[in-house]
Amino acid sequence: MTFMIWTDELSVGLPHIDHEHHWLVDATNRLHDELSKPAPSHAVVADTLHGLMDYTVNHFVGEESLFERVRYPHADAHRALHDRFTAQVMGLIHDHEEGKDIGIATLDLLKNWLINHIMGADKAYAPFILAASSAARPALTLGGKLPRAWAHKRGKQRARRKG
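These lines cover the structure that appears in this document, whether it is placed above or below. (Residues numbered from 1 in each chain as written. Predicted model: local features only at pLDDT ≥ 70, side-chain atom pairs only at ≥ 80, totals over all residues. Heavy atoms only, no water.)

**Some points on the nonpolar core**
Residues Leu-14, Leu-31, Phe-85, Val-89, Tyr-125 and Ile-129 are the most contacted members of the largest nonpolar core, which totals 36 residues. Put simply, the parts of the chain that give this core at least two residues each are α1 (15-35), α2 (42-70), α3 (75-97) and α4 (103-136). Residues within four places of Tyr-125 in sequence aside, it is in contact with Leu-14, Ile-17, Glu-63, Phe-67, Tyr-72 and His-78. (Core = buried A, V, L, I, M, F, W, Y, C linked by side-chain atoms within 4.5 Å. Buried < 20%, exposed > 50% of the residue type's maximum accessible area, 1.4 Å probe, protein only. Helix = DSSP H or I, 4+ residues; strand = E, 2+ residues; numbered from the N terminus. Contact = heavy atoms within 4.5 Å.)

Structure follows, in structure tokens:
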């Protein structure tokens with residue numbers, strides 16, 4: 001059974017951001033699958049948590065860079081939400097490394113935070129970003145440049161086209 005289901009309701013209408021949110025939902029499900037085993041692998045849980053943290057930080061950097069480009073008026077408040085969540089996840093990683101059981105607390109935090117953040121703070125900025133980006137160029141390119149955290153996707157897309 002899938003722990004967290006991606007639905008169109010979670011879409012903010014910005015393809016790059018939706019793609020990254022979907023990846024985070026999938027990663028949360030991978031963590032759930034491992035933690036649901038009778039004897040979860042400490043190494044697999046650690047790798048999944050670190051992967052989630054790395055991806056999340058890159059996602060946050062991309063969003064915050066976008067906020068700066070379009071002068072999103074609530075960027076500081078949104079950044080504070082990111083900072084608090086990052087600190088919470090780092091605490092969970094530390095607890096896991098110390099051998100503490102992080103199962104249900106971690107899964108509940110990830111699922112609830114993702115849903116509440118996407119449905120609240122992220123959906124609040126989406127209309128602003130869409131309006132600003134349509135005035136400049138197609139959504140999220142803003143002057144032909146992707147936020148640095150998203151630049152890796154362009155290389156992967158080009159590689160797939162060649163292959």
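**Overview of the packing of aromatic side chains**
On inspection of all chains with the given rule, the structure shows 8 aromatic pairs. Measuring from centroid to centroid gives 6.1 Å for Tyr-72 and Tyr-125, while their planes differ by 70°, and the two rings are edge-to-face. Of the two residues, Tyr-72 is situated in the loop between α2 and α3 and Tyr-125 in helix α4; the sequence distance between them amounts to 53 residues. Tyr-125 shares its class with Tyr-72; the two are buried. Linked through ring pairs, Phe-67, Tyr-72, Tyr-125 and Phe-128 together constitute an aromatic cluster. Above the ring of Phe-3, the side-chain terminus of Lys-111 is found at 4.7 Å from the ring centroid. (Phe/Tyr/Trp six-rings, centres within 6.5 Å; stacked < 30°, edge-to-face > 60°. Lys NZ or Arg CZ within 6 Å of the ring centre and 35° of its normal.)

**Structural notes on empty space enclosed by the protein**
If you walk through the whole model with that rule in mind, you get 1 cavity of 30 Å³ or more. Approximately 120 Å³ is the volume attributed to the largest cavity. If you go around the largest cavity, you meet 16 residues; those closest to its centre are Leu-24, Thr-56, Phe-85, Trp-113 and Leu-114. Contributing elements (two or more residues each) for the lining of the largest cavity: α1, α2, α3 and α4. Looking at the lining of the largest cavity element by element, the count peaks at 6 residues for α4. (1 Å grid on protein atoms, 1.4 Å probe; cavity = no way out; pocket = protein on both sides within 12 Å on 5 of 7 lines; lining within 4 Å. Points joined across faces, edges and corners; volume = space filled by probe spheres on them.)

**Here's the deal with the packing of α2 against α3**
Orientation of α2 relative to α3, taken along the N-to-C sense of each, is 170°, at an axis distance of 11 Å. With respect to α3, the axis of α2 lies roughly antiparallel. Across the contact of α2 with α3, the residue classes break down as 12 nonpolar, 7 polar and 5 charged. (Axes fitted to C-alpha atoms, helices over the stretch in contact; angles between N-to-C directions. Parallel < 35°, antiparallel > 145°, perpendicular 65-115°, else oblique. Nonpolar A, V, L, I, M, F, W, Y, C, P; charged D, E, K, R; others polar.)

**Re α2**
When the terminal C-alpha atoms of α2 are compared, their 42 Å separation across 29 residues agrees well with the 42 Å that a helix rising 1.5 Å per residue should span. The first or second residue beyond α2 is Arg-71, which carries a positive phi of 55°. (Expected span 1.5 Å × (residues − 1).)

**Observations concerning the packing of α1 against α2**
Two elements in contact, α1 and α2, have axes whose closest approach is 10 Å; the angle formed by their N-to-C orientations is 165°. What the angle tells us is that α1 and α2 run roughly antiparallel. Handedness of the crossing formed by α1 with α2: left-handed. Here α1 contributes Ile-17, His-19, Glu-20, His-21, Trp-23, Leu-24, Ala-27, Thr-28, Leu-31, Glu-34 and Leu-35 to the contact with α2, which in turn contributes Val-44, Val-45, Thr-48, Leu-49, Gly-51, Leu-52, Tyr-55, Thr-56, His-59, Glu-63 and Leu-66. (Left-handed = near helix turned anticlockwise from the far one by under 90°.)

Such coordinate-based values are descriptive only and should not be taken to indicate function.
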